[in-house]
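# Results of the structural survey
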Amino acid sequence: SVTEVNLGSIFAARDTSYVRIPVRNGGDAVLEGRWFLDNAVGGFSVSRDSTALAPGLTDTVTVGFAPRTVGQKTGRLYFFHNASTRPHVINLTGEARQFVTSVETVDFNSSGTVDFDDYFLFMDQFGKASLSPEEIGTFDLNGDHLLDASDFFIFADLFGRSVD
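This structure is a prediction, so every number in the text was calculated from the model and none was measured.

## Digging into the environment of glutamine 98
As for its position among the elements, glutamine 98 is in the loop between strand 8 (88-97) and helix 1 (103-106). Here glutamine 98 falls in the exposed class, since its relative accessible area comes to 52%. As for glutamine 98 and valine 70, which are separated by 28 residues in sequence, their C-alpha atoms are 5.8 Å apart. Excluding anything up to four places from it in sequence, glutamine 98 contacts Phe11 and Val70.

Set out below in structure tokens:
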């Protein structure tokens, strides 16, 4: 019965949002269907391409949203099935915002200035084999889910600046 899904406003090339859509077979025969995603360039994905449900059973399909570019995104998810000659259509929307690193985001200790204390906090994370989502969210300054030299150059560019 779902016809519209908004996957929210997230950072382009940085975040992913998901929504689970329930599918229930209210009939008396096996429900067989195929999922088709139109406009996948908008950053939408679907977890499976087919479904088969016995009468009375419920399952879910997961729609992901991981846009690479900034802007409003739309798409359509079609469910072609044997219970009707017409597909069920779900309109998908989402917004991808630009991630902007500022002095405030690099002032890790909130002292008002990007200084050596921030440098030491940053370097404690640099080079770790894996980072938690919280650490990535804090120290990944360019939004690529890595903590590498490109993040260091962004940090270095903001070093010595004060929060406005």
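What follows picks up the thread again.
## Looking at the packing of aromatic side chains
Under the criterion given, the structure shown has 18 aromatic pairs. Between phenylalanine 44 and phenylalanine 65, the aromatic rings sit 4.9 Å apart at their centres with planes inclined by 25°, giving stacked as the arrangement. Within this pair, whereas phenylalanine 44 is found in strand 4 (residues 44-46), its partner phenylalanine 65 is found in strand 6 (residues 58-65), the two being separated by 21 residues in sequence. Residue phenylalanine 44 is classed as buried on the basis of its relative accessible area, which comes to 4%. With relative accessibility at 0%, the residue phenylalanine 65 sits in the buried group.

## Looking at the sheet that holds strand 4
Strand order in the open sheet formed by 3 strands is 2-6-4, and the pairing between neighbours is antiparallel. The open sheet is flanked by strand 2 (17-24) and strand 4, the only strands paired with a single partner. Averaged over all adjacent pairs, the angle separating strand axes in this sheet is 25°, with direction ignored. Taken together, the 3 bridges between strand 4 and strand 6 define a ladder with antiparallel strand orientation. Within strand 6, the position partnered with phenylalanine 44 by the bridge is phenylalanine 65.

## A word on the sheet that holds strand 5 (residues 50-53)
Strand order in this open sheet of 5 strands is 1-8-7-3-5, and the pairing throughout is mixed. Strands at the two margins of the open sheet, each flanked by one partner only, are strand 1 (4-11) and strand 5. With direction set aside, neighbouring strand axes in the sheet form an average angle of 20°. Where strand 1 lies against strand 8, 6 bridges are found, and the strand directions are parallel. Following the sheet pairing, serine 9 is matched in strand 8 by glutamate 95.

Conventions adopted
- In this convention, every chain numbers its residues from 1, walking through the sequence in written order.
- pLDDT decides what is reported in this predicted model: residues at 70 or higher carry local features, side-chain atom pairs at 80 or more are listed and counted, and totals for whole chains, interfaces and linings draw on all residues regardless.
- Hydrogens and water molecules were not included; the side-chain quantities draw on all heavy atoms of the structure.
- A run of H or I in DSSP becomes a helix once it reaches four residues, and a run of E becomes a strand once it reaches two; helices and strands are each numbered from the N terminus.
- Here's how the labels work: a residue is buried when its accessible area is under 20% of the maximum for its type, exposed when over 50%, partly exposed in between, all with a 1.4 Å probe on protein chains only.
- Every residue pair with non-hydrogen atoms within 4.5 Å of one another is taken to be in contact.
- In this analysis, rings of Phe, Tyr and Trp, with Trp reduced to its six-membered ring, are considered paired at centre separations within 6.5 Å, and the interplanar angle assigns stacked below 30 degrees, edge-to-face beyond 60, and tilted for intermediate values.
- Paired strands are those between which DSSP finds at least two bridges.
- Under this scheme, a helix contributes an axis fitted over its contacting stretch, all axes are lines through C-alpha atoms, and angles between N-to-C directions fall in the 0 to 180 degree range.

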